[in-house]
Amino acid sequence: TGLPLASQPSLSRFENLVDATTNAALQRLLVHLFVRRRKKAPKVLRLAMDTTCDETYGYQQMSFYNGYYETFCYAPLFIFTECGFPLCALLRPGNPNPIDDAIRMLKQVFRELRLSWPDVRIELSADAAFASSEMFNFLEDQRVTYFISAAGHAGYAYHAEKLVKQCKAEFDEFGYPSPELKKYAAMVNPKERSQAKRQRDERMRYSSKKEGRVQELFEDHLFVRKFGEFSYRAREWRSDRRIIFRVHFDKSGPDTRFVVTNATKMTARKIYENKYCPRC
C-alpha cells in the first residue's frame with residue numbers, strides 16, 4: 001500500500017507496554033464476556049480445569065524441560081466452561097507444580113462469577129495433578145462440587161481389590177487368557193500390559209484388512225467394566241472423602257481409575273461417566 005510500517009523499536013515498546021495490571025484486567029474480562037454472552041444465569045455451571053503443553057524451540061525465556069510432556073515447553077493453565085468458553089488462560093513456565101496458581105485463579109473466577117450470579121451452583125472437574133488436600137479444602141469452603149481424578153496407590157487399591165478380582169473372574173468366563181494378579185489386584189508381571197498392546201498393534205498392522213480381521217476386532221473389544229466407591233481419609237485430609245472408581249478389565253489386565261468427589265446424590269457410575277468423563 002505504500003504506507004510506512006512500524007519499526008522494530010515501536011513494536012518492542014508496544015509489546016512491553018502490557019503490565020501485570022493489564023494482564024489481570026484481561027483475565028477478569030474473560031469472565032465478564034461469558035456472563036454477558038449467557039445473559040441468563042444457569043442453575044449449574046460446570047467448569048473444567050487443566051494444563052497443556054505449549055512446546056518451545058530455541059532458548060525462549062521461562063521455557064523449561066517438562067518431564068511429563070518430555071519436551072521444553074510452557075505449561076499454561078486453563079479453566080473452561082462446558083460449552084468451551086475460556087474463563088482463565090494463564091501462561092506459565094514449563095516446569096510448574098500443576099497446582100501452583102490454580103487456587104489463585106479459581107478464587108478470582110468464582111468471585112467474578114458470583115458478583116453476577118450469586119446463587120449459581122458451580123461444579124469443577126480436573127485431573128490428578130490437582131488432587132491435593134489444599135485444593136479439596138478450598139473447593140469445599142467455596143461451596144463447589146468437585147470431581148477430581150486421583151492417582152492410584154496401595155490405600156485405594158486395597159478398597160478396589162475385591163471388585164477388580166470380580167471383573168477378572170467374569171472376564172475369564174469368556175475363555176481368553178488374562179494376566180495373573182497378586183496382592184491388591186496388581187499384575188504379577190506389569191510388562192504383560194505393554195506386550196498385549198504391542199501384539200494387538202502387530203496383528204492389525206499385518207492384517208489383510210485395514211481395520212483388522214473380524215475375529216481380532218471382536219477379541220480386542222471384549223472387556224468387563226464395573227464401578228464402586230468407598231470412603232477414605234488420608235493423613236493430611238481434614239475429613240473422610242468419597243472415592244468412586246471404575247474398573248475396566250480386558251486381556252491386557254485391569255485398568256482402575258479413581259475420582260475424589262464431595263457429591264452425595266449420584267451413583268458412582270453416573271459421577272464417572274456423566275460428570276468426570278465429559279471433561280475429556
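Look above for the structure.
Residues numbered from 1 in each chain as written. Predicted model: local features only at pLDDT ≥ 70, side-chain atom pairs only at ≥ 80, totals over all residues. Heavy atoms only, no water.

### Here's the deal with helix H3 (residues 102-116)
Here H3 is 15 residues long and its end C-alpha atoms lie 22 Å apart, about the 21 Å a rise of 1.5 Å per residue gives. Of all the residues in H3, the buried ones are Ala-102, Ile-103, Met-105, Leu-106, Gln-108, Val-109, Phe-110, Glu-112, Leu-113 and Arg-114. On its buried side, H3 packs onto helix H2 (20-38), strand E1 (44-51), strand E5 (77-81), strand E6 (86-90), strand E7 (121-126) and helix H4 (133-141). (Helix = DSSP H or I, 4+ residues; strand = E, 2+ residues; numbered from the N terminus. Expected span 1.5 Å × (residues − 1). Buried < 20%, exposed > 50% of the residue type's maximum accessible area, 1.4 Å probe, protein only. Contact = heavy atoms within 4.5 Å.)

### Description of the environment of Ala-160
Among the structural elements, Ala-160 can be located in helix H5 (residues 154-172). Taking the C-alpha atoms as reference, Ala-160 lies 7.7 Å from Tyr-184; in sequence the two are 24 residues apart. Each residue touching Ala-160, except ones within four places of it in the same chain, is listed here: Phe-245, Thr-256 and Phe-258.

### With respect to the sheet that holds strand E4 (residues 71-74)
Strand order in the open sheet made by the three strands is E2-E4-E3, with antiparallel pairing throughout. Both edges of this open sheet fall to strand E2 (54-55) and strand E3 (64-66), since each of them pairs with a single strand only. Here two bridges tie E2 to E4, and the two strands are oriented antiparallel to one another. Note that in E4 the partner of Asp-54 across the bridge is Tyr-74. (Pairing = 2+ DSSP bridges.)

### Some points on the environment of Ala-154
Looking at the secondary structure, you find Ala-154 in helix H5. By relative accessible area, Ala-154 is classed as partly exposed at 46%. For the pair Ala-154 and Ser-194, spaced 40 residues apart in the sequence, the C-alpha separation amounts to 22 Å.

### Brief notes about a nonpolar patch on the surface
Side chains of Leu-26, Leu-29 and Leu-33 sit close together on the surface and give an oily, nonpolar patch of about 260 Å² of accessible area. With relative accessibility at 39%, the residue Leu-29 sits in the partly exposed group. (Patch = residues over 30% accessible without salt bridge, like charges linked within 9 Å, V, L, I, M, F, W, Y side chains within 5 Å. Areas by Shrake-Rupley, 256 points an atom, 1.4 Å probe, with all protein chains shown as cover. Salt bridge = Lys/Arg side-chain N within 4 Å of Asp/Glu carboxyl O.)

### Description of the packing of H2 against H3
Two numbers describe how H2 lies on H3: the axes approach to 10 Å, and their chain directions differ by 40°. Taken as axis vectors, H2 and H3 run oblique relative to one another. In the crossing of H2 with H3, the sense of the turn from one axis to the other is right-handed. Two secondary-structure elements touch here, H2 through Ala-24, Gln-27, Arg-28, Val-31, His-32, Phe-34 and Val-35 and H3 through Met-105, Gln-108, Val-109, Glu-112, Leu-113 and Ser-116. Looking at the contact of H2 with H3, its residues break down into seven nonpolar, four polar and two charged. (Axes fitted to C-alpha atoms, helices over the stretch in contact; angles between N-to-C directions. Parallel < 35°, antiparallel > 145°, perpendicular 65-115°, else oblique. Left-handed = near helix turned anticlockwise from the far one by under 90°. Nonpolar A, V, L, I, M, F, W, Y, C, P; charged D, E, K, R; others polar.)

Purely geometric stuff here, so don't read any function into it on its own.
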